[in-house]
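# Structure assessment
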Amino acid sequence: MGKLFLHMPLLVFVAACASDPPPNIVLIMADDMGYETLSVNGGLSYNTPYLDSLAEHGMRFTHAFSTPLCTPSRVQLMTGKYNFRNYRGFGILDPQEQTMATLLRDLGYTTGVVGKWQLYGNEYQRTLAESEGSTPTQSGFDEFALWQLTELGSRYQSPTVHYSGRESEVFPELYGPDLFADYIGEFFKRHREDPFFLYFPMVLPHDPFVPTPDHPDFDRSEIDSDPQYFPSMINYVDQLVGRIANQLNALGLDRRTLLLFTSDNGTHRSITSHHETGPIRGKKGYPDAAGTHVPLIAYWPDTIKPNIISDALIDFTDFLPTLMDVVGGTVPDHVVSDGLSFYGQLTGNTDTTRQWIYCHYDPGWGSFQPARWAQDHHWKLYGDGRFFNWSVDREEKRILEESNLDSTALFAKNKLQDVLNRMPVLDGMESED
């Protein structure tokens, strides 16, 4: 039996089993990692060989977009809804919401979430009974190992982790991302005979920017956050993804598991990365491309053909209907979903793609201003009338006046205006833009 080696020696794959059990799903979401951070996407600053290899042996999307900030993206991803439908505030997920985990659990899937929660509320020391947000159990997860559930603490060195069925604990001198990866490996082993959904919202590479275990400064005490450590944090993200892929392979699960990788928003504003198109400063929290353009890689041996590059427009409402398609289910009639499944893109069985994406952004956090916009591959129209060719003006410095638009630009603007006209506006939103 021949073996296929990816560019990294640990990623080795075996032949598919004769049986055809329901597919597993592993959804990994990095924390503050823009499109430009992957070398396979043209990035020049960071070492991401495992992610590059997965992309080369799977599908890489060039036009996937999150919201600009973490909680809005998480709520949208998990529910398949635009934020105007269910966003209650920063750090909150309505416990009445039906999530992708709820729907998959109803179809017989074992569900787990590992990493960063941040959906239970803003007062992290209060008791569960006083919560205004959602617990993992309320959101459809059978098992969890999480940071930022009922307590904050550290996510990196000596982390505070809350395991399902236990109180939260501090683990002195250990490294949070390693604990999460260990738990994921055990989750795979426990449920290797069952269909499972594992959601991994990473804590990396969010600030504070501190050394990783393979950095020579890791054992130094009292290190302040410093962007010099960001490259090693990106590389550790990559190592953890490779570790998860290898765990699936070692258990013979890779060929019946869809592995997805993305990020919740763009890179932190203190980070400037080199890219083949020039330097890109991160714009987390802001609606231009450097705040919303994120990596998306899909890997599924024998189902997704290798080295496919898709320019399909994807937004975070699309994940829920896609996962339902993957498992052969449908979004129930009582569940509102704004997304469009990209399952057909993964399998090559359809060319159904979005003609536009939409974002309603009102985070109620910090100094970030509310905004709403529609965009396609080239053009972007805000609710207050600002119009850009974002594909060549990624920083949105040149507002295009309608009197100067050619027929192509004018057609695009009218199309995007039709999208905005179908979406509600909160009181005062456009005037505050």
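Whatever comes next refers back to the structure up there.
The following paragraphs examine the structure supplied in this document. (Residues numbered from 1 in each chain as written. Predicted model: local features only at pLDDT ≥ 70, side-chain atom pairs only at ≥ 80, totals over all residues. Heavy atoms only, no water.)

Where strand β11 (residues 272-275) and strand β12 (residues 278-281) come together, four bridges link them in antiparallel fashion. Bridge assignment links Thr272 to a residue of β12, and that residue is Arg281. Remark: two residues form the turn of the hairpin made by β11 and β12, two consecutive strands paired antiparallel. (Pairing = 2+ DSSP bridges. Helix = DSSP H or I, 4+ residues; strand = E, 2+ residues; numbered from the N terminus.)

With their axes 7 Å apart at the nearest point, helix α1 (residues 49-56) and helix α6 (residues 230-250) run at an angle of 50 degrees to one another. Judged by the angle between their axes, α1 and α6 are oblique. Contact residues: Pro49, Tyr50, Leu51 and Leu54 in α1; Asn235, Asp238, Gln239, Val241, Gly242, Ala245 and Asn246 in α6. Taken together, the residues of the contact of α1 with α6 sort by class into six nonpolar, four polar and one charged. (Axes fitted to C-alpha atoms, helices over the stretch in contact; angles between N-to-C directions. Parallel < 35°, antiparallel > 145°, perpendicular 65-115°, else oblique. Contact = heavy atoms within 4.5 Å. Nonpolar A, V, L, I, M, F, W, Y, C, P; charged D, E, K, R; others polar.)

Geometrically, the link from Leu204 to Pro205 is a cis peptide bond, its omega value of -5 degrees lying close to zero. For Pro205, the position within the fold is in the loop between β9 (196-201) and α6. With a phi close to 75 degrees, Asp32 is a non-glycine residue in the positive phi region. Relative to the elements of secondary structure, Asp32 occurs in the loop between β3 (24-30) and α1. The class of Asp32 is buried, set by a relative accessible area of 2%. For Glu173, which is not glycine, the phi torsion reads 65 degrees and is therefore positive. Within the secondary structure, Glu173 is located in the loop between β8 (169-170) and α5 (176-190). (Buried < 20%, exposed > 50% of the residue type's maximum accessible area, 1.4 Å probe, protein only.)

The antiparallel open sheet is built from four strands, whose spatial order is β15-β16-β17-β18. This sheet does not close on itself; its edge strands, each paired only once, are β15 (357-361) and β18 (387-389). Taken pair by pair, the neighbouring strands of this sheet meet at an average axis angle of 15 degrees, ignoring direction. By the bridge criterion, three bridges tie strand β16 (residues 371-375) to strand β17 (residues 379-382) in an arrangement that is antiparallel. Across the sheet, residue Ala374 finds its bridge partner in β17, namely Leu381. Those strands touched by helix α10 (residues 407-421) are β15, β16, β17 and β18, and its axis lies near 45 degrees from that of β17.

Using a probe with the size of a water molecule, rolled over the atoms, empty space left in the structure can be pinpointed. Of the pockets and cavities examined, the largest pocket occupies roughly 470 Å³. In terms of residue class, the lining of the largest pocket is made up of 13 nonpolar, eight polar and seven charged. (1 Å grid on protein atoms, 1.4 Å probe; cavity = no way out; pocket = protein on both sides within 12 Å on 5 of 7 lines; lining within 4 Å. Points joined across faces, edges and corners; volume = space filled by probe spheres on them.)

It is worth spelling out α6 at this point. The end-to-end C-alpha separation of α6 is 30 Å, in line with the 30 Å expected for 21 residues at 1.5 Å each. Across the 21 residues of α6, 17 count as buried, placing the element largely inside the fold. (Expected span 1.5 Å × (residues − 1).)

Between its terminal C-alpha atoms α10 stretches 21 Å, which fits the 21 Å expected from 15 residues at 1.5 Å a residue. Here α10 has its buried residues at Ala409, Ala412, Lys413, Leu416, Val419 and Leu420. Angular distribution of buried residues about the axis of α10 spans 115 degrees; they occupy a single face of the element. Structural note: α10 exposes Ser407, Phe411 and Asn421 on the side pointing more than 90 degrees away from its buried face. You can read the cap of α10 off the contacts: a side-chain oxygen lies 3.2 Å from the backbone nitrogen of Thr408, and it is on Asp406. (Arc of directions from axis to C-beta. Polar contact = N/O pair within 3.5 Å; in protein donor to acceptor, adjacent residues only side chain to side chain.)

Attention now moves to the sheet that holds strand β14 (residues 308-315). Reading across from one edge, β8-β7-β6-β5-β9-β3-β10-β13-β4-β14 is the order of the ten strands in this open sheet, with mixed pairing throughout. Each edge of the open sheet carries a strand with a single partner, namely β8 and β14. Pairing of β3 with strand β10 (residues 257-263), which is carried by seven bridges, proceeds in the parallel orientation. Within β10, the residue paired with Ile25 across the bridge is Leu258. Contacts from α1 reach β4 (59-65), β10 and β13 (293-299), with the element oriented near 60 degrees to β13.

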